[in-house]
Amino acid sequence: MTLASLATALAGIGAAVMAVLALLFWRDPAQAMRLTTHRAEALPQVMVDRYAAFGVLAVGAALSGDPVVIAWLFSAFALMGFADAWIYARAGYAFAKHLAAGVAALVVVAVALAGRAGEGNL
């Protein structure tokens, strides 16, 4: 096994762990909070590092110059924006900023995929 294939396998394992955590939070948020040792009162501070991490990911995607990487990342950003908008809208809270973030991310996806198709690689 090469280091590249090991990195790919480890990334797959990381994706599986994230999927399990997402399911746990979906099924039983209180249990998932206990399991992951997250604290609701720390959420504002946690969001600082989350947004910083998202920014680092976006810089990495931009520096890669790879339209597929850009489209994949911003698809995830669109999912987050739309999901947050849905959560807030259902609860009766303002959701326009989250919806706008989802739409903006989707525009990046569309432009990246159009650029890829323009290269004849779609």
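Analysis parameters
- Residues numbered from 1 in each chain as written.
- Predicted model: local features only at pLDDT ≥ 70, side-chain atom pairs only at ≥ 80, totals over all residues.
- Heavy atoms only, no water.
- Helix = DSSP H or I, 4+ residues; strand = E, 2+ residues; numbered from the N terminus.
- Buried < 20%, exposed > 50% of the residue type's maximum accessible area, 1.4 Å probe, protein only.
- Contact = heavy atoms within 4.5 Å.
- Areas by Shrake-Rupley, 256 points an atom, 1.4 Å probe, with all protein chains shown as cover.
- Lys, Arg positive; Asp, Glu negative; His and termini not counted.
- Charge placed at Lys NZ, Arg CZ, Asp CG, Glu CD.
- Expected span 1.5 Å × (residues − 1).
- Phe/Tyr/Trp six-rings, centres within 6.5 Å; stacked < 30°, edge-to-face > 60°.
- Salt bridge = Lys/Arg side-chain N within 4 Å of Asp/Glu carboxyl O.
- Core = buried A, V, L, I, M, F, W, Y, C linked by side-chain atoms within 4.5 Å.
- Polar contact = N/O pair within 3.5 Å; in protein donor to acceptor, adjacent residues only side chain to side chain.

Q: Could you clarify how one ought to interpret the overall build of the chain in this entry?
A: Along the chain, the regular secondary structure elements total 5 helices and 0 strands. Across the chain, helices and strands are ordered from the amino to the carboxyl terminus as α-α-α-α-α. Across its three principal directions, the C-alpha atoms of the chain cover 45 × 45 × 25 Å. Expressed as a percentage of the 122 residues in the chain, the buried residues total 13%. If you take every contact in the chain between residues at least 6 apart in sequence, the share linking residues at least 24 apart comes to 35%. Only carbon and sulfur atoms are counted for the fraction: they give 74% of the accessible area of the chain, which is about 9,000 Å². If you average the places of the 7 positive and of the 6 negative side-chain charges in the chain, the two averages end up 8 Å apart.

Q: Would you explain helix α5 (residues 96-118) in this entry?
A: One turn of the α-helix equals 3.6 residues, which is why residues spaced by three or four share an orientation. Taking 1.5 Å of rise per residue, 23 residues should cover 33 Å, and α5 covers 32 Å from first to last C-alpha, within 8% of that figure. Along α5, the residues classified as buried are G102, A105, V109 and A112.

Q: When you look at the packing of aromatic side chains in this model, what are you seeing that I'm missing?
A: A ring pair, where both rings are aromatic, is described by two values, the distance of the centres and the angle of the planes. Counted under the stated rule, the structure contains 4 aromatic pairs. Geometrically, the ring pair formed by Y51 and F54 is edge-to-face, given 6.0 Å between the ring centres and 90° between the ring planes. Here the residue Y51 and the residue F54 both occupy positions in helix α3 (residues 43-64), the gap between them amounting to 3 residues, near one helical turn.

Q: Looking at this structure, how should I read the pattern of salt bridges?
A: Side chains carrying opposite charge are able to pair once their charged atoms draw close together. Tallied over the full model, the rule gives 2 salt bridges. A salt bridge links D49 to R50; the nearest nitrogen and oxygen atoms lie 2.6 Å apart. For D49, a relative accessible area of 38% puts it in the partly exposed group.

Q: Would you take a moment to explain the nonpolar core for this structure?
A: Nonpolar side chains tend to gather and get buried jointly when the protein is soluble and globular. One finds A61, I70, A71, L73, F74, F77, A78, A105, V109 and A112 forming the largest nonpolar core, which totals 10 residues. Looking at this core, the elements that each hand over two or more residues are α4 (67-90) and α5. Per-element tally for this core: the top contributor is α4, with 6 residues. Once residues lying within four places of it in the same chain are set aside, the contact partners of A112 are P67, I70 and A71.

Q: It is not clear to me how the environment of H98 should be interpreted in this structure. Could you clarify?
A: Position of H98 among the secondary structure elements: in helix α5. Classification of H98 as partly exposed rests on a relative accessible area of 25%. Sequence separation of H98 and A15 is 83 residues, and the distance between their C-alpha atoms is 24 Å. Here H98 is in contact with G81, F82, D84, A85 and Y88, once residues within four sequence places are set aside.

Q: What am I meant to see in α4 here?
A: The terminal C-alpha atoms of α4 lie 34 Å apart, and with 24 residues this matches the ideal 34 Å at 1.5 Å per residue to within 8%. Among the residues of α4, those classed as buried are P67, I70, A71, L73, F74, F77, A78, G81 and A85. Tucked inside the fold, the buried residues of α4 contact α3 and α5. Structurally, the start of α4 carries an N-cap: the backbone nitrogen of V68 is 2.9 Å from a side-chain oxygen of D66. Directly after α4, the chain includes G92, whose backbone phi takes a positive value near 85°.

Purely geometric numbers; function is a separate question.
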